[in-house]
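Spelled out from the first residue to the last, the chains are:
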Amino acid sequence: MMARGLFQCLRILIVCAGSLAMTPAFADPGDVERGEEVYLKRCVHCHGAEGDADTPAADRLVPPPRDFTEGLYKFKTTAFDDDIPNDADLFRMIRDGMPGTAMPGWSDMLSGQDMWDLVAYIKTFAGLEEEKPEKQVDYGTQIATSPESITAGQKLFVDRCAECHGEAGKGDAIKKLKDDTGYRTWPRNLTKPWTFRASNDPKDIFTRISIGIPGTQMPSFADPKSKKKLSIEERWNVANYAASLAETTKVVRPENTVIKAARIEGDAPATSDDPRWADAATTTFALLPQIIAGERFFTPSNDAITVRALYSDKEIALLLEWDDRTKSIPGEAKAKEIADAQLFEDQLMVQLPLEIPAGMEKPYFIRGDASHAVNLWRWASGTKDKAESVKLANALGANAVEERDAAAVGLMAKGDYKAGTWRVVIRRPLKTSSDGKDLQFIEGQFIPVAFAAWDGSNGETKSKHTLTTWYWLLLEPPMGMGAIFAALAVFLLLGAGEFWWMRSAPRRR
């Protein structure tokens with residue numbers, strides 16, 4: 001028995017040793033020559049042969065690739081006043097990538113040793129081969145997440161962080177931010193943790209608060225010279241609050257492809273504050289940059305749209321919500337100050353086929369095609385001198401668009417902007433008398449629908465915008481008494497069959 005116990009202990013020790021060998025602390029030192037081979041095969045296209053990110057890809061990526069020659073690393077765990085990162089910081093960025101950017105994680109293509117070799121080679125671009133960090137982040141004693149910690153963190157957040165991140169944490173900046181290279185930067189939308197470059201774990205958030213993000217206007221709140229300095233305890237409270245802001249309902253899920261419109265009594269909602277929206281099902285879709293037709297677009301800011309739908313016996317209404325860091329109203333001084341270059345209106349478009357397809361074939365997802373016409377419902381935020389508007393058009397392709405009178409078919413829209421989010425309600429009668437020029441909504445049928453959005457403060461206009469592919473809109477028929485009785489009959493039949501089976505069991509034995 002003792003020998004068996006010793007053998008089991010030995011097995012556990014071997015497993016543990018193997019696991020430790022895979023962690024950064026126990027990895028083999030990186031080899032610069034092997035790292036160069038990996039770099040030239042995997043990294044050169046974005047970061048350049050000289051490591052200076054002077055590549056054709058740089059202008060088409062948000063944010064642009066890291067310039068390794070500067071030796072400036074934004075996401076590290078060394079102290080705010082120590083410019084040298086830990087090797088493990090570089091390893092982590094290579095292994096996990098940077099969510100919300102074009103930098104992928106390489107763990108599925110590179111071995112651990114390959115990545116350590118890359119770390120060794122990347123450091124040569126800035127002459128950091130022999131440099132070692134002297135100071136690390138002081139984490140003190142971590143404060144566990146609790147209602148008390150979150151409440152304390154919220155008060156500090158509003159006082160210290162809301163100026164850039166907004167009181168709701170959605171990054172709705174009140175000033176224009178640029179990094180040390182002059183590149184436009186946007187405060188992080190803290191409700192979208194999947195966009196955090198180094199995870200939304202409270203410890204990682206504490207690290208960012210303590211160090212700041214070098215090269216940007218995100219400061220260190222551990223700097224004793226700063227008027228906004230926070231103690232270790234205060235930084236943990238702010239980290240716990242920031243982590244608590246994570247959105248859980250308006251999340252893109254690949255399996256959610258259908259917008260389910262419920263039947264309601266009375267008129268369809270006309271505004272976003274109608275209480276009936278609270279019971280409507282939400283579906284969120286990713287918004288991607290338009291890089292196919294016309295002037296292609298590579299630097300988006302809007303990344304998702306959430307849709308709800310309700311319908312009555314006469315009308316259908318869609319509530320469309322998307323986070324937008326700026327309210328783009330041309331002519332307003334504040335909006336112009338925050339905007340990039342020329343300022344345009346914020347806009348939204350709903351695209352529907354002119355006819356519900358009988359099979360799987362749908363119109364081309366960018367304004368239809370010569371054989372398949374589409375309806376375009378387009379809302380715009382307005383300017384200082386012009387109110388918001390809604391327009392209607394039919395299209396047989398991007399260059400074959402026919403403008404129509406929206407009021408004539410009863411198409412209406414109303415938008416409101418609050419705390420970094422647009423909420424726009426668009427509604428229209430289920431049926432129109434437009435002689436075949438409009439989609440006629442039918443209960444119980446899957447109707448293709450697609451969306452597009454423009455952030456005017458980001459210079460988005462015409463073909464420069466974000467969009468979705470086709471998804472589905474379903475007007476769910478109300479459950480009548482016939483359906484209820486049918487379900488009850490099936491339930492009773494199954495119950496009777498189970499009862500008979502149990503009663504006959506003894507006789508079968």
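Coordinates for the structure precede this section.
Keep in mind the model is a prediction, meaning the values are calculated, not measured.

Cut-offs and rules
Residues numbered from 1 in each chain as written. Predicted model: local features only at pLDDT ≥ 70, side-chain atom pairs only at ≥ 80, totals over all residues. Heavy atoms only, no water. Helix = DSSP H or I, 4+ residues; strand = E, 2+ residues; numbered from the N terminus. Buried < 20%, exposed > 50% of the residue type's maximum accessible area, 1.4 Å probe, protein only. Contact = heavy atoms within 4.5 Å. Lys, Arg positive; Asp, Glu negative; His and termini not counted. Salt bridge = Lys/Arg side-chain N within 4 Å of Asp/Glu carboxyl O. Polar contact = N/O pair within 3.5 Å; in protein donor to acceptor, adjacent residues only side chain to side chain. Core = buried A, V, L, I, M, F, W, Y, C linked by side-chain atoms within 4.5 Å.

### Details of the side chain of Ser 457
Moving on, step 1. Its location among the elements puts Ser 457 in the loop between strand 14 (446-454) and strand 15 (466-467).
Moving on, step 2. Judged by relative accessible area, which is 1%, Ser 457 ranks as buried.
Moving on, step 3. Ignoring anything within four residues of it in the chain, the contact list for Ser 457 reads Thr 326, Ser 328, Ala 339, Asp 340, Leu 343, Phe 344 and Asp 346.

### Some words on the environment of Val 390
Moving on, step 1. Along the polypeptide, Val 390 turns up in strand 10 (residues 389-395).
Moving on, step 2. Considered as a pair, Val 390 and Ala 406 are 16 residues apart in the sequence and their alpha carbons are 7.0 Å apart.
Moving on, step 3. Once you skip the residues sitting within four places of it in the chain, Val 390 turns out to touch Arg 378, Trp 379, Ala 406, Leu 411, Met 412 and Ala 413.

### Brief notes about the side chain of Arg 197
Moving on, step 1. Its location among the elements puts Arg 197 in the loop between strand 2 (184-185) and helix 8 (202-211).
Moving on, step 2. Although Arg 197 is buried, it forms no salt bridge, and the closest oppositely charged side chain is Asp 303 at an N-O distance of 8.4 Å.
Moving on, step 3. At a separation of 3.1 Å, a polar atom in the side chain of Arg 197 contacts the main-chain carbonyl oxygen of Pro 99.
Moving on, step 4. There is a polar contact of 3.1 Å between the side chain of Arg 197 and the backbone oxygen of Thr 195.
Moving on, step 5. Ignoring anything within four residues of it in the chain, the contact list for Arg 197 reads Pro 63, Phe 75, Met 93, Gly 97, Met 98, Pro 99, Gly 100, Thr 101 and Arg 188.

### Things to note about the nonpolar core
Moving on, step 1. By size, the foremost hydrophobic cluster in this structure holds 36 residues, and its most contacted members are Leu 320, Phe 441 and Leu 473.
Moving on, step 2. Sequence-distant contacts of Leu 320, that is, excluding residues within four places in its chain, are made with Ile 305, Thr 306, Val 307, Leu 348, Val 350, Trp 422, Arg 423, Val 424, Ile 426 and Phe 451.
Moving on, step 3. Tyr 39, Ile 84, Trp 116 and Ile 122 belong to the second largest nonpolar core, which has 20 residues in total.

### Some thoughts on the environment of Trp 454
Moving on, step 1. By secondary structure assignment, the location of Trp 454 is in strand 14.
Moving on, step 2. Judged by its relative accessible area of 0%, Trp 454 is buried.
Moving on, step 3. Within the local environment of Trp 454, its side chain forms a polar contact with the backbone oxygen of Lys 462, the two atoms lying 2.9 Å apart.

### Things to note about the pattern of salt bridges
Moving on, step 1. With the rule as written, the count across this model stands at 23 salt bridges.
Moving on, step 2. With a shortest N-O distance of 4.0 Å, Asp 31 and Arg 34 are connected by a salt bridge.
Moving on, step 3. A relative accessible area of 41% places Arg 34 in the partly exposed class.
Moving on, step 4. One salt bridge in this structure joins Lys 250 and Glu 321, with 2.9 Å as the shortest N-O distance. Highlighted residues: Lys 250 in the loop between helix 9 (232-244) and strand 3 (258-263) and Glu 321 in strand 7 (residues 315-323), separated in sequence by 71 residues.
Moving on, step 5. Residue Lys 250 is classed as partly exposed on the basis of its relative accessible area of 25%.
Moving on, step 6. A residue is classified by how much of its surface remains accessible, and Glu 321, at 4% relative accessible area, is buried.
Moving on, step 7. When salt bridges with common partners are traced through the structure, they connect Arg 92, Arg 95, Asp 96 and Asp 204 into a single cluster.

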